[in-house]
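# Architecture at a glance
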Amino acid sequence: MKVILLGPPGAGKGTIAKALMQLDGSVQISTGDILRAAIAEGSDLGKQVEAAMAAGNLVTDQLIMDIMEQRLQQEDCQQGYLLDGFPRTIPQAEALKALLARLGEKLDCALELDIPREVIIDRLTTRRTCTNCGEIYNVKSKPPKVDGICDVCGNVIVQRADETEEAIENRLQVYNDQTAPLVDFYRDEGLLVSVQTSDLEPVVAAIRERLQG
Ligand code: AP5
């Protein structure tokens, strides 16, 4: 499947993408994970984006499009992809549309996870992420078997740098200002599927209905 995951920070995009990947071999492409890996490596890209990310601001459209233009043409995308955190602005959505037209590809849908603000804040303050493999945990809904240690790879799990109260507030504001308009964009494109949950079963049912329809 070729699906965009839309939704505010903490809506469950990464969690759902990892679960959907298991269904048909589609690959998760998280621009946030790509940028965090660059920061961890200390690469030029990482140095360029570190401050903006820690504050909860977006990095530039040009930088993201340079990354995604290459990433979407890699071999593993043939099977399908789950775009997690991309596009995030109208210019990115327009550029993606042009890129897919050039590649002769079509999206199946843009899946909006429409989750209330109070749930989101609770989830973000209780989320933990593996520093090595990126597995996502939650101290309330999905704790690791051993406190502070990843079940999958045994590395340390931590809170992300953009999970301070101030950065979370800013990320929600940035979402409302710059990313929420994509819901109307994809509704106009006839691609929007909206669900008010990030539980796997109803999400899969909504996608299946869309793919069959
Ligand atoms: P990014 O990494 O994309 O962060 P985000 O969009 O803010 O999303 P999150 O990863 O915080 O949340 P999520 O929706 O994936 O939720 P999760 O599954 O973890 O981006 C980070 C930064 O990178 C941006 O701020 C920006 O600076 C930069 N960036 C990235 N892409 C960019 C772009 N395209 N353009 C410009 N800049 C870009 O779930 C959250 C928690 O809830 C977890 O603990 C999980 O276990 C729990 N949970 C999930 N589902 C459920 C459920 N159903 N029930 C109970 N708990 C649940």
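Everything below is about the structure shown above.
What counts and what doesn't
Think of each chain on its own: its residues are numbered from 1, step by step along the sequence as written. A pLDDT threshold of at least 70 governs which residues receive local features in this predicted model, and a stricter bar of 80 or more applies before side-chain atom pairs are shown or counted, although totals over entire chains, interfaces and linings include all residues. Working from all heavy atoms in the structure, the side-chain values ignore hydrogens and water. Only buried residues count toward a nonpolar core, which is a set of Ala, Val, Leu, Ile, Met, Phe, Trp, Tyr and Cys residues joined through side-chain atoms within 4.5 Å. Exposed residues in this analysis have more than 50% of their type's maximum accessible area, buried residues have under 20%, and partly exposed residues fall in between, with area computed by a 1.4 Å probe over protein chains only. A run of DSSP states H or I qualifies as a helix once it reaches four residues; a run of E qualifies as a strand once it reaches two. Both are numbered from the N-terminal end. Note on contacts: a residue pair is in contact if any heavy atoms of the two residues lie within 4.5 Å. Whenever a carboxyl oxygen of Asp or Glu lies within 4 Å of a side-chain nitrogen of Lys or Arg, that contact is scored as a salt bridge. Any residue with at least one heavy atom within 4 Å of a molecule or strand is counted as near it. Identification of polar contacts relies on pairs of N or O atoms within 3.5 Å, with a donor-acceptor requirement for protein atoms, meaning one able to donate a hydrogen and the other able to accept it, and with residues adjacent in sequence counted only if both atoms are side-chain atoms. Each accessible area is a Shrake-Rupley estimate made with a 1.4 Å probe; only the visible protein chains count as cover when residues are assessed. Pairing between two strands requires that DSSP report at least two bridges joining them. To get an axis, fit a line to the C-alpha atoms, keeping to the stretch in contact for a helix; angles then go from 0 to 180 degrees between the N-to-C directions. Residue count minus one, scaled by 1.5 Å, sets the expected span of a helix. Our arc is simply the arc of the directions from the helix axis toward the C-beta atoms.

Core analysis: the biggest nonpolar cluster contains 30 residues, and Tyr81, Leu83, Leu96 and Tyr186 have the highest contact counts within it. Listed by contribution, the elements that provide at least two residues to this core are strand 1 (2–6), strand 2 (27–30), helix 3 (44–55), helix 4 (61–71), strand 3 (81–84), helix 5 (90–103) and helix 8 (181–188). Broken down by element, the residue count for this core peaks at five residues, all from helix 4. Those residues in contact with Leu83, other than ones at most four positions away along the chain, are Val3, Ile4, Leu5, Ile29, Met68, Leu72 and Leu96.

A separate point is the pattern of salt bridges. What the rule picks out here adds up to 12 salt bridges. Glu169 is the salt-bridge partner of Arg117, the closest N and O atoms lying 3.0 Å from each other. Of the two residues, Arg117 is situated in helix 6 (residues 117–126) and Glu169 in helix 7 (residues 165–179); the sequence distance between them amounts to 52 residues. According to the relative accessible area criterion, Glu169 is partly exposed, its value standing at 40%. Among the salt bridges present, the one from Asp122 reaches Lys140, with a minimum N-O distance of 2.6 Å. With a gap of 18 residues between them, Asp122 in helix 6 and Lys140 in the loop between strand 6 (136–138) and strand 7 (157–158) connect regions that are remote in the sequence. One network of salt bridges, with partners in common, ties together Arg160, Asp162 and Arg171.

Our focus in this paragraph is the site of the ligand. Within the structure, the ligand sits among 32 residues, and Thr15, Asn57, Arg88, Arg127 and Arg171 are positioned closest to it. In the model, a nitrogen atom of the ligand is placed 3.2 Å from a nitrogen or oxygen of the Val59 main chain. Within the contact set of the ligand, a nitrogen atom lies 3.0 Å away from a side-chain nitrogen or oxygen of Ser141. When isolated, the ligand has an accessible area of 1100 Å², and the protein chains bury 93% of it. Those elements giving two or more residues to the shell around the ligand turn out to be helix 1 (13–24), helix 2 (31–41), helix 6 and strand 6.

The strand order across the open sheet built from five strands is 2-3-1-4-8, with neighbouring strands paired in parallel fashion. Each edge of the open sheet carries a strand with a single partner, namely strand 2 and strand 8 (192–195). Between one strand and the next, the sheet's axes are offset by a mean angle of 20°, whatever the strand orientation. Two elements, strand 2 and strand 3, share four bridges in a ladder whose sense is parallel. Looking across to strand 3, one finds that Ser30 is bridged to Asp84. Of the strands in this sheet, strand 1, strand 2, strand 3 and strand 4 (109–113) are in contact with helix 1, which crosses strand 3 at around 175°.

Under the 1.5 Å per step criterion, the end-to-end length of helix 7 is 20 Å for 15 residues, consistent within 8% with the ideal 21 Å. Along helix 7, the positions that sit buried rather than exposed are Ala167, Ile168, Arg171, Leu172, Val174, Tyr175 and Thr179. Viewed end-on, helix 7 has its buried residues packed into an arc of 160°, placing them on one side of the element. Summarising the geometry of helix 7, the exposed residues directed more than 90 degrees from the buried face are Glu165, Glu166 and Asp177. The elements touched by buried residues of helix 7 are strand 1, helix 3, helix 6, strand 5 (127–130) and helix 8.

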